[in-house]
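# Coordinates in review
Single-letter residue listing:
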Amino acid sequence: MTVSRRLRPTLRLRLTVLNGVLLIGAGAILVLLAWLLVRDALRPTDELVPGTTVLLSDGREMDAAQWQQQLVDAASGELLAKGLVALVAISVVGVAGAYAVAGRALRPLHQVTATAQRLGEATLDQRIGYSGADDEVAELAKTFDAMLDRIASAFEAQKRFVANASHELRTPLAVMRTEIDVTLSDDDADAAEYRRMATVVRDASERANGLVDALLVLARSEAQAGRQLGRRTECDLAAGTANALSAMRREVERIGLRVQTSLESAPVIGDPGLLDRLAGNLIENAVRYNHLHGRLWVRTGTDGDRSWLVVGNTGFEVDQADVPGLFEPFRRGGRERTGARGSGLGLSIVRAVCDAHGGSVRVVAQPGGGLEVTVTLPSADAPAVPGTVATAG
């Protein structure tokens with residue numbers, strides 16, 4: 001197994017072999033050209049009269065043509081022998097150098113492999129940290145580090161989401177169990193006490209059921225983001241918004257909100273259930289995070305290619321820098337798990353629904369407190385292009 005692994009055609013080995021083949025081939029061509037040039041250049045007797053002789057240093061006379069042939073053969077043989085020796089030496093040095101250079105150049109790839117093999121839940125903070133030349137390998141290393149940053153962020157967000165969801169579900173369950181245990185342990189509990197306990201349990205179960213429903217809607221919306229919607233029906237944002245306002249009418253009257261509406265037709269094509277939840281979440285948030293005798297304004301309309309829904313409300317002040325955090329799950333007004341009503345998934349669901357319908361959502365903090373949320377979706381006459389943009393300000 002070890003021998004097979006050593007002989008495997010690694011990138012370093014292939015680069016070395018390629019460099020060696022090119023180097024040996026180029027050297028062989030140069031030696032051949034030199035050999036041909038020498039044989040062609042040593043022809044001085046070709047211009048002499050046939051039969052001419054030459055007197056050698058040892059006193060012998062030799063035919064010029066014969067002497068020339070001996071000279072050419074000796075020079076060619078010596079050139080060929082020394083050229084081959086030089087070619088072998090250069091090839092050995094070149095192949096060894098290529099192997100070393102390739103290993104140094106590919107070292108970041110080994111770091112990428114080693115880092116990937118070490119990655120786990122407890123080692124997501126490790127990075128390659130390549131500091132070599134700004135070449136393709138450096139670009140690969142930086143890309144890998146950036147990918148690890150995104151994975152670590154997503155992993156932390158997922159852990160935070162699971163922890164928050166567990167906390168939100170545990171609270172109503174704990175309330176129900178406590179109420180049941182306390183009431184059952186009271187031997188003097190009467191029908192009124194049991195009725196009170198039943199009311200508390202019902203309210204807690206409704207809260208847990210609402211959270212589960214919200215989680216399902218969020219998962220369904222995110223699953224369809226960037227994909228073809230499972231249901232595509234022409235509907236009107238104005239109608240869904242009117243229904244949401246009607247559902248919150250008692251709460252609006254209870255806290256004395258002044259409601260201003262301008263519900264013009266806003267036709268879109270999409271999933272009616274998700275779009276109704278989008279409008280419902282915006283209206284519920286605008287009412288829930290408002291204050292006594294505050295204001296609520298709602299507008300819908302279309303400009304041809306885009307249909308839009310605007311929901312604004314008064315309320316406590318929100319820093320514009322904190323607005324992006326409102327889109328995170330279980331964030332209520334920029335704060336985590338404050339004990340306020342609701343699951344903290346409202347704007348997360350709005351963003352996911354917009355993403356699934358190829359729209360955008362924009363949130364602006366209002367002077368004096370409150371928010372204005374603008375949702376823009378492709379109208380029924382324009383093709384939907386998946387990809388949402390959540391912006392602040």
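The coordinates are above.
Just so we're clear, the structure is a prediction, and the values are computed from it rather than from any experiment. (Residues numbered from 1 in each chain as written. Predicted model: local features only at pLDDT ≥ 70, side-chain atom pairs only at ≥ 80, totals over all residues. Heavy atoms only, no water.)

### What about the overall build of the protein chain?
- Secondary structure assignment for the protein chain yields ten helices and twelve strands.
- Burial statistics for the protein chain: of 393 residues in total, 34% are counted as buried.
- Nonlocal contacts in the protein chain, meaning residues at least 24 apart in sequence, comprise 71% of its contacts between residues at least 6 apart. (Helix = DSSP H or I, 4+ residues; strand = E, 2+ residues; numbered from the N terminus. Buried < 20%, exposed > 50% of the residue type's maximum accessible area, 1.4 Å probe, protein only. Contact = heavy atoms within 4.5 Å.)

### Some points on helix α9 (residues 272-288)
- An ideal rise of 1.5 Å per residue puts 24 Å on 17 residues; α9 measures up with 24 Å between its terminal C-alpha atoms.
- Most of α9 is tucked away, with twelve of its 17 residues classed as buried.
- Residues of α9 that are buried: P272, L274, L275, L278, A279, G280, N281, L282, I283, N285, A286 and V287.
- With a side-chain oxygen positioned 3.0 Å from the backbone nitrogen of G273, the residue opening α9 is D271. (Expected span 1.5 Å × (residues − 1). Polar contact = N/O pair within 3.5 Å; in protein donor to acceptor, adjacent residues only side chain to side chain.)

### Here's the deal with a negative patch on the surface
- Together, D134, D135, E136 and E139 make up a negatively charged patch on the protein surface.
- Residue placement: D134 occurs in the loop between α4 (107-118) and α5 (136-185).
- Assessed through its relative accessible area of 71%, D134 is described here as exposed. (Patch = residues over 30% accessible without salt bridge, like charges linked within 9 Å, V, L, I, M, F, W, Y side chains within 5 Å. Areas by Shrake-Rupley, 256 points an atom, 1.4 Å probe, with all protein chains shown as cover. Salt bridge = Lys/Arg side-chain N within 4 Å of Asp/Glu carboxyl O. Lys, Arg positive; Asp, Glu negative; His and termini not counted. Charge placed at Lys NZ, Arg CZ, Asp CG, Glu CD.)

### Overview of the nonpolar core
- In this structure, L282, L309 and V375 are the most contacted members of the largest nonpolar core, which totals 38 residues.
- The biggest single contributor to this core is α9, with eight residues.
- If sequence neighbours within four positions are ignored, L309 has contacts with L237, T241, L278, A279, L282, V298, R299, T300, V373, T374 and V375.
- Residues V112, I128, A141 and L148 belong to the second largest nonpolar core, which totals five residues. (Core = buried A, V, L, I, M, F, W, Y, C linked by side-chain atoms within 4.5 Å.)

### Digging into a nonpolar patch on the surface
- Where nonpolar side chains cluster on the molecular surface, the patch consists of I29, L30, L32, L33 and L36 and spans about 480 Å² of accessible area.
- For L32, the location among the structural elements is in helix α2 (residues 11-41).
- Here L32 falls in the partly exposed class, since its relative accessible area comes to 47%.

### Some details on the side chain of H357
- Looking at where H357 falls in the secondary structure, it is placed in the loop between α10 (346-356) and β10 (360-365).
- Among the polar contacts listed, one links the side chain of H357 to the backbone oxygen of V353, at a separation of 2.8 Å.

### Comments concerning α2
- Between the first and last C-alpha of α2 there are 45 Å, a value that for 31 residues agrees with the 45 Å anticipated at 1.5 Å per step.
- Listed in full, the buried residues belonging to α2 are T16, G20, G27 and V31.
- Those residues of α2 that are buried lie in contact with α3 (64-105).

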